[in-house]
Structures are given as C-alpha cells and as structure tokens.
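The primary structure of each chain is shown beneath.
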Amino acid sequence: MGSDWLHDAVMYEVYPQSFADSNGDGIGDLRGVIERLDHIASLGVDTLWFNPCFASPFVDAGYDVSDYLRIAPRYGSNEDMVELVAEAKRRGIRVLLDLVAGHTSIDHPWFKRELHADGPDPEGDRYVWCKELPVREWSLVAPGTPAWVPSPGPRRGWYLKNFFDEQPALNFGWAHVGEGEPWRDAVDARGPRRNIQALKDIMAFWLERGVAGFRIDMAFSLVKDDGDMERGRQLTAALWGEIREWLDTAYPDAVIVPEGKEPRTGAPLAFHADFFLVIQQEHASLFDNHFAGVLPFQAPQEPFFDAAGRGSTRVFLDGWNAAKDLDPGRPVIMSTADHDFDRLRCGPRTEEQLGAALTFLLTWGSVPCLYYGDEIGMRYVPGMPDVEGSICNPAYNRAGCRTPMQWDDGPNAGFSTADPSRLYLPVDPDPTRPTVAAQEQDPNSTLNLVKRLIALRQSTPALGSRVATRVLHEGYPFAYLRGETHLVVVNPQRDPTTLSTGELSGAAPLLASGISVVGDTLTAEGFAYGIFVLPGHA
C-alpha cells in the first residue's frame, strides 16, 4: 500500500498536555491518551497527529526540543509511546509525530556544546553564529521571525533564532553565500549536511518504533536568507526532496506532511500532501471571525461560515485550485481548527452553526483533521493566561484553543483529578460547556453528527479525497458535486436561501438538516446542511 493510505485518512490532532491526565499532576500525558483511544476510534478516525511530545523546557509548549529521542517525562516514557502506537494500531489508527526540524531548545546538548566552544566546530556548526552583528537584518521584524540574539557566553557574538530567543535556528545553509560573511554556509557545507543526517536519524528512530510519519513544523524555514526568502524556500524544498528519496526507500509506508503549502519549484514534490493552515488565508477566509484576535498574516475579512452571510468562498477556491493545479490527485489536509489560533466555535458562533461547517470539512475532498474537542463543539475560551509561550504575538493568545478536553461533568470536566490550580490551563468555566459523556447520550449532538459524517464519508468513496469536486454555487448556499454522483449543500448564514438548477432534480437525502428539494429548486434554512445522492447512484 505504501504511503497511499494518506488519501483516505481522517486525522485527529491531540494536544497532549490538554487531552487526558492519567496521574493527577494537572498535565495530560500519553497514558491518558491510551485510556481514551476508544473514544478516538469511535469517531471513525484512523490517524492521530501528536503535537510535540519530546523532552523540552517548554518555553514554546514543546516546540523547543532538548532531546528528539526521548519523550518528555511529564508525558511518560519512550515505552509509553511504543505502547500507545501499538494500542492505536490495534484499533486501526496510525500515529504521526510533530517534528520540529528547523530549531532546537537552547537546552539541547548540541547548542550547549557550541555555546561553550572556542570557535566553529571542525565538523561544521549545527547552529548559525557570527562574531559581528551583520549589517543586513531581516526585512520582516515581527514576533516569531528570525533574528540575531546576543550569545549568553562563553562563545562571543550572536546566534540566529527561529522563533523565541530560546529556539536557536539549526544551520541548513543560506540561499546566498558571499565574502565577508563567513557565517553563511552553503547548503552542502559540513554543518548543514550534519543536520540533514540528524533529521534522517531522528525519523528512523521513531519509525522503527512504529510511528507512521511526521508533521514537520516550519517545514520551509530551513535554508535562510535575509533578502531572498523565496530562494531559501526553494532550496529548503530541495533538501526535503533528498529526505523523501531516502524515506521512499527505507520506509516506503511512512509519510511526511508540512506545516503549510509546499513551494512549486519544478522538481518533484517532496511532501505527501499540502496543509491548509488555520492561520493562512484559505482557511481563515472561511472561518476566522476575529474573536480570537487578529492574524498579522493577511488582511481581516468577513468569514464565509458566519451568521451574517457576508463572506465569500473565492479566496479558498482560488487557493484550492492552485494547490491542485500541478497534481489534481495530491492530498490537501484541512483542519477544523488547531493549536495555533482559535477553534471552530469561537466568539458568537454557536453549536447550531457547526453542522454546516463540519459537513463541509468532512465532505469537500480534503483530508480532514479534527482538532481535539471540536467533535463536541468546545469553544475558544478568551482571557486565558499566557502559558508556555501561548502569546507569541500580542494580537492573539493561543491558550484559548488549548484548554483541557471536556470529558464529563465531574471535577475538571473529567480531564484530571488534580486541584484546579495545578491544571495546565483552566477548564472552560461555562456551566453549559459540552462534554463527551453528555453528547454520547444525545442523538442530535455535535458528537453524533461527526460520527455520522465520518461513517458516511468512509462508506461513500465519492465523498473522499480521491474524487473530483465541482462547484455548482459558490455563494449562499455553497453547493458542490462530488464525483458527479453526490451533492453537498451548506448554508452557514442565519437567513434562508434557495438554489435552482437542473442538477438537483431527483436528489435523495443521505443526511440533511433544514434542506428540502422540490423539483429543480432547493430551499435551505439558516445554518442548514445536507448530503444527497443523485438519481441512478443510490
């Protein structure tokens, strides 16, 4: 089968510190995930993506790694991860790990060694050091972007960071190498080559222990340049191409997926999919209602999935078509939400509005990824404290989408037996907060809708990612055909609307709420959604 399995995957993102606490210390752990695997399996999910769980001082919630080959003690042990992978496999679920490829923690032994060195390592520096502060600085000066940091000593000079100061950038070379700037290594210099081999070694270590692949954090930030970011991205893609060639030979069933969209350089694509991130415009144009803050990456706009009905699908559709242009069969992963910004249910968006959004996300033709808690409609919780770097940009706080999973109506919503003051983050204080236990008993709950949608997707190949999508109407209601056999209609606005087209005649509902079809005319109530089979294809 090889890596082809990703086309049919339904993913689930686990933020480990907030999912389930098995030992009462207030922080989620791997044993807690093992104990909750039956819930994940009951959704119909077949792939788990773990946010970083390697050893770390947790300045940036684990995206600052101090040992890639050891599970963070607060989560458990390497043996726990091996057990988790085996237990997940027994339930038909693969496991992807988050791999932070572009930087480490300042506590990593590699960095400590170079910090205490007299000068460059004869085998090549793993990090980027300069003795004099370069005249040229990065053109983009903003939180979470590369910059030079004064060395805390004893090595004199500056080192390059990737995100926070505590995250020194690994040296994968520079797009342009010139005289007078000896810290600019070529991509084939000793330091960069050491780091490429280290990535292969890290991946092999965990693949040998049963994981199915990796989601690569900041995948296209490896090769640096302060004046030609596009050239750096192209050279970075070439490095991943080398790793992909190795992976296809050594571990042909494994996959790598990037944080973002892979640059099109004319060479074969290195990653097995693209990823439409929550913070990028394709996803944000559909769902970002700005109640979690303001993203600095694009101009704010009215989201399409909003009660006011003032949004557009055009930005999303243009991005989708661009991603599919080179290879129409290439998977594109799209999440309900993730750990980096907000949740599907954010601000005034109600549970009633989630049906249309989830129907779209699970039938569009992308590889869907459920963010933990979105299956019950957990909300973005404003006013959370800044925990482990959650406020990386003053415009928004990521902690609001990282609150503990809500399992039941017991203490701490069933997440932990710890005193509330010891929890990683406070539980949503809303007394009406949704829980897994309550929604399991309600046939009309968000949880049971998610289960029905995933089951329908898996039993109906036309709703998966291998079949073409043709848009019939890109406004309200949003209507599209899957494989010319199935019709999906969603109306995310509060106002009712109609659609008339010959494609509707004889369509029979497989799953619908608030939608009726009479002849060639479809009527959709506010927040309606439906999946229909066309005549002759039942």
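Now for a description of the structure that goes with this document. (Residues numbered from 1 in each chain as written. Predicted model: local features only at pLDDT ≥ 70, side-chain atom pairs only at ≥ 80, totals over all residues. Heavy atoms only, no water.)

A few points about the overall build of the protein
Phase 1 of the analysis: Scanning the protein from terminus to terminus reveals eleven helices and 19 strands.
Phase 2 of the analysis: Here the C-alpha radius of gyration of the protein, 24 Å, is about what a compact globule of 538 residues would show, namely 24 Å.
Phase 3 of the analysis: Counting only residues that meet the buried cut, the protein has 61% of its 538 residues in that class.
Phase 4 of the analysis: Excluding contacts between residues fewer than 6 apart, the proportion of contacts in the protein whose partners are at least 24 apart in sequence is 67%.
Phase 5 of the analysis: Accessible surface computed for the protein: about 20,200 Å², of which carbon and sulfur atoms make up 52%. (Helix = DSSP H or I, 4+ residues; strand = E, 2+ residues; numbered from the N terminus. Rg over C-alpha atoms; globule rule 2.2 N^0.38 Å. Buried < 20%, exposed > 50% of the residue type's maximum accessible area, 1.4 Å probe, protein only. Contact = heavy atoms within 4.5 Å. Areas by Shrake-Rupley, 256 points an atom, 1.4 Å probe, with all protein chains shown as cover.)

As for unusual backbone geometry
Phase 1 of the analysis: Here the amide bond leading from Gly153 into Pro154 is cis, since omega sits at 10°, within 30 degrees of zero.
Phase 2 of the analysis: The omega torsion across Tyr476 and Pro477 is -5°, close enough to zero to call that bond cis.
Phase 3 of the analysis: On the secondary structure map, Pro477 appears in the loop between strand E14 (469-473) and strand E15 (478-482).
Phase 4 of the analysis: Positive phi is not limited to glycine here, since Met218 has a value of about 45°.

Things to note about the packing of helix H5 (residues 190-207) against helix H6 (residues 229-250)
Each pair of packed helices can be described by the angle between their axes along with the distance between the axes.
Phase 1 of the analysis: Put simply, H5 and H6 touch, their axes get as near as 11 Å, and they point 40° apart. In this structure, H5 meets H6 at a crossing whose hand is right-handed. The segment H5 lies against H6, with Arg193, Ile196, Leu199, Lys200, Met203, Ala204 and Leu207 engaging Leu239, Trp240, Glu242, Ile243, Trp246 and Leu247.
Phase 2 of the analysis: Here the contact of H5 with H6 is built from residues that sort into ten nonpolar, no polar and three charged. (Axes fitted to C-alpha atoms, helices over the stretch in contact; angles between N-to-C directions. Left-handed = near helix turned anticlockwise from the far one by under 90°. Nonpolar A, V, L, I, M, F, W, Y, C, P; charged D, E, K, R; others polar.)

Section: the layout of surface pockets
Phase 1 of the analysis: As a volume, the second largest pocket reaches approximately 540 Å³.
Phase 2 of the analysis: Together, 26 residues line the second largest pocket, and Pro120, Trp129, Cys130, Lys131 and Arg155 are the ones closest to its centre.
Phase 3 of the analysis: Partitioned by chemical class, the residues of the lining of the second largest pocket number twelve nonpolar, five polar and nine charged. (1 Å grid on protein atoms, 1.4 Å probe; cavity = no way out; pocket = protein on both sides within 12 Å on 5 of 7 lines; lining within 4 Å. Points joined across faces, edges and corners; volume = space filled by probe spheres on them.)

Quick look at the sheet that holds strand E13 (residues 367-371)
Phase 1 of the analysis: With parallel pairing, the eight strands of this open sheet are ordered in space as E10-E9-E5-E2-E1-E13-E12-E11. What marks the edges here is a single partner per strand, and that holds for strand E10 (255-258) and strand E11 (274-276). When the angles between neighbouring strand axes are averaged without regard to direction, this sheet yields 25°.
Phase 2 of the analysis: Two strands pair when backbone bridges link them, and strand E5 (residues 94-100) and strand E9 (residues 213-217) are joined in this way by five bridges, in the parallel orientation. Paired with Leu99 across the two strands is Ile216, which belongs to E9. (Pairing = 2+ DSSP bridges.)

Here's the deal with the sheet that holds strand E8 (residues 158-161)
Phase 1 of the analysis: Taking strand neighbours across the sheet as the criterion, the three strands line up as E6-E8-E7 in an open arrangement whose pairing is antiparallel. Two strands in the sheet have a free side with no partner beyond their single neighbour: strand E6 (129-130) and strand E7 (147-150).

As for the side chain of Asn289
Phase 1 of the analysis: With respect to the secondary-structure elements, Asn289 resides in the loop between helix H7 (281-287) and helix H8 (314-325).
Phase 2 of the analysis: Within polar-contact distance, the side chain of Asn289 engages the backbone oxygen of Cys346 at 2.8 Å.
Phase 3 of the analysis: Beyond its immediate sequence surroundings of up to four residues, Asn289 is in contact with Pro303, Asp306, Cys346, Pro348 and Arg349. (Polar contact = N/O pair within 3.5 Å; in protein donor to acceptor, adjacent residues only side chain to side chain.)

Structural notes on the nonpolar core
Phase 1 of the analysis: Counting 147 residues, the largest nonpolar core has Tyr12, Phe19, Leu97, Trp240 and Phe360 as its most contacted members.
Phase 2 of the analysis: Once residues lying within four places of it in the same chain are set aside, the contact partners of Trp240 are Ala101, Leu199, Ile216, Ala219, Leu222, Ile256, Ala270 and Phe271.
Phase 3 of the analysis: Core analysis: the next-biggest nonpolar cluster, separate from the first, contains 13 residues, Ala479, Leu481, Leu504 and Phe532 among them. (Core = buried A, V, L, I, M, F, W, Y, C linked by side-chain atoms within 4.5 Å.)

Quick word on the packing of aromatic side chains
Phase 1 of the analysis: Under the definition given, this model contains 40 aromatic pairs.
Phase 2 of the analysis: For the ring pair Phe205 and Trp206, a centre distance of 5.0 Å and an interplane angle of 80° mean the geometry is edge-to-face.
Phase 3 of the analysis: Taken together, Phe276, Phe287, Phe304, Phe305, Phe316, Trp320, Phe360, Trp364, Tyr476, Phe478 and Tyr480 form an aromatic cluster joined through their ring pairs.
Phase 4 of the analysis: Above the face of the Trp110 ring, Arg126 is positioned so that its terminal group lies 4.1 Å from the ring centre.
Phase 5 of the analysis: We note Arg209 situated over the ring of Phe205; from NZ or CZ to the ring centre the distance is 3.6 Å. (Phe/Tyr/Trp six-rings, centres within 6.5 Å; stacked < 30°, edge-to-face > 60°. Lys NZ or Arg CZ within 6 Å of the ring centre and 35° of its normal.)

Note that all results are geometric; they support no functional claim without further evidence.
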